[in-house]
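# Geometric and topological summary
Each chain, letter by letter, is given below.
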Amino acid sequence: MIETLFLITWTALFLMIAYMSWVKIAKHFKIYLMMLYNWLYLTGIFLMFPKLRHTVEYLYEYFA
Amino acid sequence: MAALSANLIWDLTKRDFSERFAGSVLGSVWAFIWPLVNLFIYIVIFGKFMGGRLPGSSDIYAYSIYLSVGLIPWMAFSNSISRSSTVFLDKKNIISKIDVSLPSLLVFINLSETITFIISNVFLFAFLIATGYEFNTKLLLFPFIFYLQQILAFGLGLLSATLTVFLRDLKEVVGIILQLWFWFTPIVYVSSILPDVVKKVLVYNPAFIITESYHRIFVFDDYPVIASMIILTAIAHFILFVSYAMFRALEKDVRDFL
C-alpha cells in the first residue's frame, strides 16, 4: 500500500514539474532538463522504494 | 530541429506493426503468437524437457521464470539498439521529404519494442498466476527497471544511429557486440557457475545489473542492489546526454549524408 502510494505521488510530482518546465523553459534546454528530471525521478525511486516500509514502521513506532 | 511529434511517433509505431505482418491472413495476431511461442520454448523446452533447475531451488518452474524474466527484457533491449542503429538509413525517404525530428524515429522503435514486451509479459504473468506464484510489492519496481533499461537502449541506439550514417559497417559491429553481450550476461545461466575472475568483471556490465535486478525481484524475492541501480541510472543518463549532445552537433551532417 505505502509503496503504491509513494510511486503514484512521486510520479505525479515529477509529471507536474516536467509539464511546468516544458511550458516555461526555453526550447533548446527542454530535452536536457527532461533528462535531468528523469534521472532524479528514477534515482528517487531506486533509493527510497526499498527503504520505504522500514522507514514508515520506524516512524510509526517512534511516534506511537 | 523539428518538434518531437507524438502523432508521428504513434503513426510510425502503428505502421511498424502493420508492415511487419503485411499480407498475412492473421495480421497483428502474429504479434501475440510470437511471444507465446517464445514463452512456450522457455518454459516447456528449457524448463520441463531439458530439466533446467536453479541451484538451491526445488521449484520445477524456478528456472523457467529465471529464464523468462531475463530473456523477455533482453529481447526488447537488444532489438531496440539493433533496430535503432539503422533507423536513419531505413527511414531516409521520410527524413528527406518532411522536416521530422530524428530522435522521434528512435522513440517509435522503443515504443514498438515496449508493446511487444508488454504482450510477452501478459502471457508471463498469466503463467505465473496459473502456477500459483506469490506476488510481492517488490514487483512494483519491474516497470521502472524496464524504463531504465530502455533509456540505456535509447542512448546507445542514438549513438549508433548517428555514427552508422557515416560508417555503415557499424551496423554489423553492433550486431556482434549485442551477441557477445548476451552471452556475457547471466540470462540463460546463473552467475555462480562463472570463474571468480569473470565475476569480478561482471559487475561492470550494465546488462548484468539490470538482469540481476529482474531475477532478484521475480525469483529471489529480494530488492535490487540500491547502489548498483543508482550508479546505473547515472550512467544511463550520462550516455543519453552524451549521445544527444553528439547527435545535435552532427545533426546537419547526418541530414546532408542522407
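For the structure itself, consult the block above.
About the criteria used
Residues numbered from 1 in each chain as written. Chains lettered and ligands numbered in written order. Predicted model: local features only at pLDDT ≥ 70, side-chain atom pairs only at ≥ 80, totals over all residues. Heavy atoms only, no water. Helix = DSSP H or I, 4+ residues; strand = E, 2+ residues; numbered from the N terminus. Rg over C-alpha atoms; globule rule 2.2 N^0.38 Å. Buried < 20%, exposed > 50% of the residue type's maximum accessible area, 1.4 Å probe, protein only. Contact = heavy atoms within 4.5 Å. Areas by Shrake-Rupley, 256 points an atom, 1.4 Å probe, with all protein chains shown as cover. Lys, Arg positive; Asp, Glu negative; His and termini not counted. Charge placed at Lys NZ, Arg CZ, Asp CG, Glu CD. Salt bridge = Lys/Arg side-chain N within 4 Å of Asp/Glu carboxyl O. Polar contact = N/O pair within 3.5 Å; in protein donor to acceptor, adjacent residues only side chain to side chain. Expected span 1.5 Å × (residues − 1). Buried area = accessible area lost by both parts, 1.4 Å probe. Nonpolar A, V, L, I, M, F, W, Y, C, P; charged D, E, K, R; others polar. Core = buried A, V, L, I, M, F, W, Y, C linked by side-chain atoms within 4.5 Å. Phe/Tyr/Trp six-rings, centres within 6.5 Å; stacked < 30°, edge-to-face > 60°. Axes fitted to C-alpha atoms, helices over the stretch in contact; angles between N-to-C directions. Parallel < 35°, antiparallel > 145°, perpendicular 65-115°, else oblique. Left-handed = near helix turned anticlockwise from the far one by under 90°.

Below, the discussion takes up the overall build of chain B. Tallying secondary structure elements over chain B gives eleven helices and zero strands in all. Taken from N to C terminus, the helices and strands of chain B fall in the order α-α-α-α-α-α-α-α-α-α-α. In terms of overall dimensions, chain B is globule-like: its C-alpha atoms have a radius of gyration of 19 Å, near the 18 Å expected for 258 residues. Judged by the C-alpha coordinates and their principal axes, chain B covers about 60 × 50 × 35 Å. Here chain B holds 258 residues, and the buried ones make up 47% of them. Taking all contacts inside chain B whose residues are at least 6 apart in sequence as the whole, residues at least 24 apart take part in 76%. When the accessible surface of chain B is split by element, carbon and sulfur atoms take 68% of a total near 12500 Å². Within chain B, one finds 18 positive and 17 negative side-chain charges whose respective centroids are separated by 3 Å.

Let us look at the pattern of salt bridges. Opposite charge on two side chains allows them to pair when their charged atoms are near. Residue and element names in this part refer to chain B. Scanning the model with the defined rule gives eight salt bridges over all chains in all. With a shortest N-O distance of 4.0 Å, Arg248 and Glu251 are connected by a salt bridge. One end of the pair is Arg248 and the other is Glu251, both in helix H11 (residues 226–257) and three residues apart, which spans about a single turn. A cluster of three or more residues bridged by salt bridges with shared partners is formed by Glu212, Arg216 and Asp222.

A word on the side chain of Ser213 of chain B. All names here are of chain B. Mapped onto the fold, Ser213 is located in helix H10 (residues 206–218). Residue Ser213 is classed as buried on the basis of its relative accessible area, which comes to 2%. A distance of 2.7 Å separates the side chain of Ser213 from the backbone oxygen of Ile209, its partner in a polar contact.

With that settled, consider helix H6 (residues 102–130) of chain B. Between its first and last C-alpha, H6 of chain B extends 43 Å over 29 residues, near the 42 Å set by a 1.5 Å rise per residue. Looking one or two places after H6 of chain B, you find Gly132 of chain B, whose phi comes out positive at around 75 degrees.

A separate point is the interface of chain B and chain A. Taken residue by residue, the interface counts 22 residues in chain B and 20 residues in chain A. Both faces combined, the contact of chain B with chain A buries some 2000 Å², and carbon together with sulfur accounts for 78% of it. Among the residues chain B hides against chain A, the three largest losses belong to Phe144, Tyr223 and Ile226 of chain B. Together they make up 26% of the total. For the pair chain B and chain A, the interface holds zero salt bridges. Elements that contribute at least two residues to the side of chain B that touches chain A include exactly helix H7 (142–166) and H11 of chain B. The element best represented in the side of chain B that touches chain A is H11 of chain B, accounting for eleven residues. Classifying every residue of the side of chain B that touches chain A gives 17 nonpolar, three polar and two charged.

Attention now moves to the nonpolar core. Counting residues in hydrophobic clusters, the biggest one holds 81 residues, and the most contacted among them are Ile45 and Phe46 of chain A together with Val87, Phe88, Leu102, Ile145 and Phe218 of chain B. Those residues in contact with Ile45 of chain A that sit more than four places away from it in its chain are Phe6, Leu7, Trp10 and Pro50 of chain A together with Leu141 and Phe144 of chain B.

This next bit is on the packing of aromatic side chains. All names here are of chain B. Taken as a whole and judged by the stated rule, the model has 27 aromatic pairs over all chains. Where Trp74 meets Phe182, the ring centres are 5.8 Å apart and the plane angle is 50 degrees; that geometry is what we call tilted. Taken together, the residues Trp74 in helix H3 (residues 62–85) and Phe182 in helix H8 (residues 170–183) connect sequence positions 108 residues apart. With relative accessibility at 7%, the residue Trp74 sits in the buried group. With 6.2 Å between their ring centres and 40 degrees between their planes, Tyr244 and Phe247 make a pair best called tilted. In this pair, Tyr244 and Phe247 are both assigned in helix H11, three residues apart and thus about one turn of the helix distant. Judged by its relative accessible area of 6%, Tyr244 is buried. Of the residues examined, Phe247 reaches a relative accessible area of 0% and is grouped as buried. One aromatic cluster is present, built from ring pairs that chain together Phe117, Phe125, Tyr133, Phe135, Phe142, Phe146, Tyr214 and Phe218.

Further remarks concern the environment of Phe40 of chain B. Residue and element names in this part refer to chain B. The topology assignment puts Phe40 in helix H2 (residues 30–49). Residue Phe40 is classed as partly exposed on the basis of its relative accessible area of 46%. C-alpha of Phe40 to C-alpha of Leu124: the two residues are 84 residues apart in sequence and 9.8 Å apart in space.

Moving on, we get to H11 of chain B. Over its 32 residues, H11 of chain B runs 43 Å from end to end, which matches the ideal 46 Å to within 8%, given 1.5 Å per residue. Buried within H11 of chain B are the following residues: Met229, Leu232, Thr233, Ala236, His237, Leu240, Ser243, Tyr244, Phe247, Glu251 and Val254 of chain B.

It is worth spelling out the packing of H2 of chain B against H6 of chain B at this point. All names here are of chain B. In the contact formed by H2 and H6, the axes pass within 9 Å of each other and the chain directions differ by 45 degrees. Here H6 runs oblique to H2, going by the angle between their axes. Like other packed secondary-structure pairs, H2 and H6 cross with a definite hand, here right-handed. Residue-level contacts link Ala31, Phe32, Pro35, Leu36, Leu39 and Ile43 of H2 to Ile119, Ser120, Phe123, Leu124 and Phe127 of H6.

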